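Below are the chains, spelled out letter by letter.
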Amino acid sequence: MKINVIRGTHQFGGNAVKVTSDSGSAIVLDFGAEFAVNGGRAIVAEGITAGKPGVLGVLISHSHKDHAGLIHTILPGVPVYMDRIAGRIYRTYSEVTGRPEAAAAGKMKALPPLCGKIEFGDITVTPFLSDHGTYRSEMFLAEADGKRLLYTGDFRLHGLLRSELLSGLGSLRGTVDLLITEATCAGRGDEYSTYVPSERTLEKSVLEFLGKSPVILFCSIINIDRIAGLSGLVKDKGGRVFVSWAEKRVIDEAVKDDAPPAAFYQNLSIPETYDSSLFADIGKGDLIFTSSFEDFRILSGMIPSAELVFTEWPGNLAHMNSAFREDPRFHVMHVSGHAHPAELREFAEFLLPRAVLPVHTSSPEKCAELLEGFRVLPLQDGEDFSL
Ligand SMILES: [Zn+2]
Ligand SMILES: [Zn+2]
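Throughout, a residue's number is its position along its own chain's written sequence, starting from 1. Labels follow written order: the first chain is A, the first ligand is 1, and so on. Confidence filtering applies because this is a predicted model: local features only for residues at pLDDT of at least 70, side-chain atom pairs given and counted only at 80 or more, and all residues used for totals across whole chains, interfaces and linings.

Visitor: I would appreciate a short explanation of the nonpolar core in the present structure.
Guide: The term nonpolar core means buried Ala, Val, Leu, Ile, Met, Phe, Trp, Tyr and Cys residues held together as one set by C-beta atoms within 7 Å. Once C-beta atoms are placed from the backbone, each residue is buried if 20 or more other C-beta atoms lie within 10 Å of its own, exposed if 12 or fewer, and partly exposed for counts between those two. Counting 105 residues, the largest nonpolar core has Val-17, Val-58 and Ile-89 as the members making the most contacts within it. Boundary definitions for the domains trace back to an automatic or database domain assignment. Two domains each donate at least three residues to this core, and these are domain 1 (2-188 + 338-386) and domain 2 (196-332).

Here is the structure:
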């Protein structure tokens, strides 16, 4: 089996990893758009975006643009796969936000359910549940030529699905030849986990605010895990949950199946679309989600009693003017979607892989330090590695 990281050994996002069996079957794991800070470059790759189709499938781990955002540039003869519901959510999200890959997202094929197998020539792939704050983020086990690799996509161990993630992977312990892991936070130091809250800490803080006032909470449309989790808690306490039409449309895609795919979603209260008349009797215990900076600002003016909780990456605060950010009701509580440094170590010690390849990181050498005792591969983009 041969591994080639098309992009991602030395940068965040824009991931693409090619896996080729000895007989020549090939697949690609993720096909993401670069963040603007890296230049926003396209991927030009023979057999994937140029020439004749040369890979049997491109598999997308989750619905973030830095993993899925270039699927519209893939040759028409190369099928793209994603979890069935995550794919539908991605298509809806792309439509709502006007992203260029919306049409390609609508044509994606469905991966089998978690732990089901799918074959691409002599490469067998099994999706496993991850936890990243987007609905049904997945890790992929790829097996060929008697070798096994696990590709994590993006993940963390401080989210709502930590125990499901670890129990799902338990049978792989000590059997994986190569762990291709995201290492976004590898360079951030051990103290990182002391000032970045977990999802449970965020829930606790929001419930404390809700005990005294309504809360307007800013989070991404596709952070459906957080929306679903908090909605269930608010519903249990008799509160109401509101979201704007865009969030509602995306959430509906997640829950419209007859049989909800995870018990987690059975707590989701289907929210109402908001308009000004709904807020006449807004009070403590009521929670309003928005993913729009404009709505966040307008709602904060309409409901002066509300606490304002911003849960996205603090770098996005630049979208808001400073007067708004200095409002005493305004709180930043960013929960990272990525494994803290100590969690990268914990995960490697849990899985016990024979070798580790860090991707989605600007600090692969820091990851090697964190994982002292493991064989960490110093690979460059475009370089072949034979497993
Ligand atoms: Zn990512
Ligand atoms: Zn991500």
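Visitor: Sorry, what's going on with the domain arrangement of the protein chain here?
Guide: How large an interface is tends to be reported as the accessible area lost when its parts come together. Taken domain by domain, the protein chain consists of domain 1 (2-188 + 338-386) and domain 2 (196-332). Listed by partner, the interface residues are 14 residues for domain 1 and 16 residues for domain 2. Within the side of domain 1 that touches domain 2, the residues separate by chemical class into six nonpolar, seven polar and one charged. Whether two residues are in contact depends on their C-beta atoms, placed from the backbone: they are in contact if these lie within 7 Å. As a working rule, the residues Ala, Val, Leu, Ile, Met, Phe, Trp, Tyr, Cys and Pro are called nonpolar, Asp, Glu, Lys and Arg charged, and the rest polar, with Gly in that last group.

Visitor: In this structure, what is going on with the packing of helix H6 (residues 199-210) against helix H7 (residues 224-236)? I would like to understand it.
Guide: Each pair of packed helices gets described by two things: the angle between the helix axes and the distance between those axes. Lines fitted to C-alpha atoms define the axes here, with helix axes fitted over just the stretch in contact, and angles between the N-to-C directions of these axes take values from 0 to 180 degrees. Numbering of helices and strands starts at the N terminus; helices are DSSP runs of H or I of at least 4 residues and strands are runs of E of at least 2. The contact between H6 and H7 brings their axes to 11 Å, and the two run at 40°. Considered as vectors, H6 and H7 are oriented oblique to each other. Between H6 and H7 lies a crossing of right-handed hand. Contact residues: Glu-199, Glu-203, Val-206, Leu-207 and Leu-210 in H6; Arg-226, Gly-229, Leu-230, Leu-233 and Val-234 in H7. Partitioning the contact of H6 with H7 into residue classes produces six nonpolar, one polar and three charged. Should an angle fall under 35 degrees it is called roughly parallel, over 145 degrees roughly antiparallel, and 65 to 115 degrees roughly perpendicular, with every other angle called oblique. The handedness criterion is simple: a crossing whose near helix is rotated anticlockwise from the far helix by less than a right angle is left-handed, and one whose near helix is rotated clockwise is right-handed.

Visitor: Honestly, H6 in this entry has me stumped. Any pointers?
Guide: For an α-helix the count is 3.6 residues per turn, leaving residues at separations of three or four pointing the same way. With twelve residues, H6 extends 16 Å from end C-alpha to end C-alpha; this agrees with the ideal 16 Å at 1.5 Å per step. Of the residues making up H6, those classed as buried are Glu-199, Leu-202, Val-206 and Leu-210. Take H6 and look down its axis: the buried residues cluster within an arc of 75°, on one side only. Among the exposed residues of H6, those pointing more than 90 degrees away from its buried face are Lys-204 and Glu-208. Expected helix span is given by 1.5 Å per residue-to-residue step, counting one fewer step than there are residues. Regarding the arc, it is the one traced by the directions from the helix axis to the C-beta atoms.

Visitor: Hey, could you run me through the sheet that holds strand E11 (residues 178-182) in this one?
Guide: By this definition, two strands are paired if DSSP reports at least two bridges between them. Pairing is mixed in the open sheet, where six strands are placed in the order E7-E8-E9-E10-E11-E18. The open sheet has two free edges, formed respectively by strand E7 (118-120) and strand E18 (355-359), since each of these has just one partner strand. Within the sheet, the average angular offset between the axes of one strand and its neighbour, ignoring direction, is 20°. In this structure, strand E10 (residues 147-151) lies alongside E11, joined through three bridges in parallel fashion. Bridging across to E11, Leu-149 finds its partner in Leu-178.

Visitor: Would you mind going over the sheet that holds strand E4 (residues 57-59) with me for this structure?
Guide: Backbone hydrogen bonds are what pair the strands of a sheet, in a parallel or an antiparallel way. Read across the open sheet, the seven strands follow the order E6-E5-E4-E3-E2-E1-E19; overall the sheet is mixed. Of all the strands in the sheet, just strand E6 (109-110) and strand E19 (384-386) have a single pairing partner and so form its edges. In the sheet, strand E2 (residues 16-20) pairs with strand E3 (residues 26-29) via four bridges, with the strands oriented antiparallel. Looking at the pairing, Val-17 lines up with Leu-29 of E3.

Visitor: Just to check I follow, could you spell out the packing of helix H2 (residues 84-96) against helix H8 (residues 245-255) for this structure?
Guide: Contact pair H2 / H8: the axes reach a minimum separation of 8 Å and the direction vectors enclose 160°. In terms of axis orientation, H2 runs roughly antiparallel to H8. Here the hand of the crossing between H2 and H8 comes out right-handed. On H8, the residues touching Ile-85, Arg-88, Ile-89, Thr-92, Tyr-93 and Val-96 of H2 are Ala-246, Arg-249, Val-250, Glu-253 and Ala-254. A breakdown of the residues in the contact of H2 with H8 according to their chemical character gives seven nonpolar, one polar and three charged.

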